[in-house]
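# Reading the structure
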Amino acid sequence: MTGKDSTTGDRTTDGGNAVGDGIRTVGAGTGTAGDGTGAFGDGTRSVGDGTRAVRAGLPDPVKYEPTLPGPVFAAHFHLPGEPTGPYTYGRDENPTWTHLERAISELEAPGQTVETLVFASGMAAISSVIFSQLRAGDAVVLPDDGYQALPLLRERLEAYGIEVRTAPTGGDAQLGVLAGARLLWIETPSNPGLDVCDIRRLVKEAHAAGALVAVDNTLATPLGQRPLELGADFSVASDTKGMTGHGDILLGHVTTANPELAAGVRRWRKVVGAIPGPMEAWLAHRSLATLQLRVDRQCATALTLAETLSTRDDVTALRYPGLPGDPSHPVASGQMRRYGSVVSFVLPDRDHAERFLGALRLVDDATSFGGVRSTAERRGRWGGDAVPEGFVRFSVGAEDPEDLVADVLRALDEAGRRTTP
C-alpha cells in the first residue's frame, strides 16, 4: 500500500467493500466484515472511504424501521428453553454493539472476515489484549514513548509475573528487545511524540520469533492506517478520540482476524465486565458516518498548520508525519493513507507555552485529541511523558483552516510579547 497525501479522499483499492449483502447476513454479535461482495453487488467495484463510513454496519432495510436502529437498553432478553442464540444477557452481547462492531470491522478490514469487540474505554480495549494473551513468565515489549498510562499497565503486569521490556518507537528499536517475547505492542504514530515504526517489518520479525503483534491505531484511525492489512494480529484503538470525534463518549475496540484470539478477548470482556453502554455505542455508530469528512478536514488543516509553524523561529522540534521533511515521513508514507490530526512542537519554556495556550481563542486547553473542536495542551503538566516543559500537543479540529491558523499565529505573537507577572 502506498501512502497518499493527507488531503486526499481517494477511493481505496482493497478489492472489496463493507456494505454489501455479504456483510449484513452475519450472525449477531460477530462483528465481522463479511465477504467483500461490494455495495454494487457484483464484487467488481470498491467504494470510497466516505461511502463505507456512511453505510458501515447498517442492518438490512426493514419497512417502517429506522435506517440505524436506536440503542437497546436491556440487561436480559427473552430466553425460553436452552440458553442459545445471539442475545442472552447484557454483559455478553447487545444488538447496539453488534451494529457498531460490524461497522468498525468494515472500516478496519474492508472485504475481509474479522471480528471486532467494543469496550467501555480505550484502556479497557488495551487491557483486554494484554491480559487475555499473557501469562506469568511471558514477556511483552511495549514502547517507552507511548501513551502515558502504559507505565501503570507495566506495574500491573510485573506484579503478575510478566516481564516487560521497552524501547522507543522510532527506528524500529523494539526489535532489539523482541527475542523470546510473547507479544509486541506497537503504537504508531506514537503519542505524543509522533514517531513512526515500520509495521510490516516489525510484524515479519515478530512472527518469525513466535510473537503476536498488536498495534495501537488510535491516532491514525482505520482511515489513516489499517494494521491488519499490514500483518498485525490485533488493531486496537481508543475510540474516544478521532474515531467518534466529538469528545462526548469513552469507548475502545479490538479487531482481529483470528477467531481464537477474538474468543480470548471476548472472554476477558465478559469476566471483567468492561462493556460499553448502549447509548455510547449508538452515539459512536452515528458518529462514524462523518468520519471521512472529519478526518479529511482535520488532516488537511494539520498539514497546513505544520507548514505554517515550520516558518516560525519560536517553534522548534516540530513533528507531523505528513510533512515531507519530518523524520517519520518516509516510513509513514509507505503505510499510512492519512497522517492524522495531531501536530506537536516545542516552545521556548513552560511559561511561554502557557501564555500561548491562554491566548488561543478557537482552541480549548484540554487533553485528548481527534475531536471536531481543536484542543491543545502543555503535555508536560501530566508528568508521564519524557517531553520538554514547553512541549505542546495540538489536535486539529474541523474549524475553517484560515481561522485556526490565524488564531494560532496571533496567540504565538502574543505569547512572545507578554511576560508573566
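Residues numbered from 1 in each chain as written. Predicted model: local features only at pLDDT ≥ 70, side-chain atom pairs only at ≥ 80, totals over all residues. Heavy atoms only, no water.

## Some remarks on the overall build of the protein chain
Within the protein chain, the secondary structure is distributed over twelve helices and twelve strands. Relative to its 421 residues, the protein chain shows a buried fraction of 57%. (Helix = DSSP H or I, 4+ residues; strand = E, 2+ residues; numbered from the N terminus. Buried < 20%, exposed > 50% of the residue type's maximum accessible area, 1.4 Å probe, protein only.)

## A few points about unusual backbone geometry
The linkage connecting T188 with the following residue, P189, adopts the cis geometry, with an omega of -5°. Of note, the amide linkage connecting N191 to P192 takes the cis form, showing an omega dihedral of 15°. When you line up the elements, P192 lands in the loop between β4 (183–187) and α6 (199–208). Although it is not a glycine, A317 adopts a positive phi angle of roughly 50°. Tracing the backbone through its elements, the reader meets A317 in strand β8 (residues 316–319).

## Points about the sheet that holds strand β9 (residues 342–346)
An order of β8-β9-β12-β11-β10 is seen for the five strands of this open sheet, with the pairing classed as mixed. Across the chains shown, the open sheet's two edge strands, defined by having one partner strand only, are β8 and β10 (364–365). Across the sheet, helix α9 (residues 291–309) touches β8, β9 and β12 (391–395), and the angle it forms with β9 is around 15°. (Pairing = 2+ DSSP bridges. Contact = heavy atoms within 4.5 Å. Axes fitted to C-alpha atoms, helices over the stretch in contact; angles between N-to-C directions.)

## Some points on the nonpolar core
Side chains of nonpolar character tend, in soluble globular proteins, to be buried together. Among the nonpolar cores identified, the biggest contains 52 residues, and L309, Y320, F345, F356 and F394 are the most heavily contacted of them. The set of elements that each furnish at least two residues to this core consists of α3 (95–108), α8 (278–288), α9, β9, α11 (350–359), β12 and α12 (401–417). When residues of this core are assigned to their parent elements, the largest contribution, eight residues, is made by α9. Setting aside residues up to four positions removed in sequence, L309 forms contacts with V315, L318, V343, F345, V408 and L412. In this structure, V140, L142, L150 and V254 belong to the second largest nonpolar core, which totals 27 residues. (Core = buried A, V, L, I, M, F, W, Y, C linked by side-chain atoms within 4.5 Å.)

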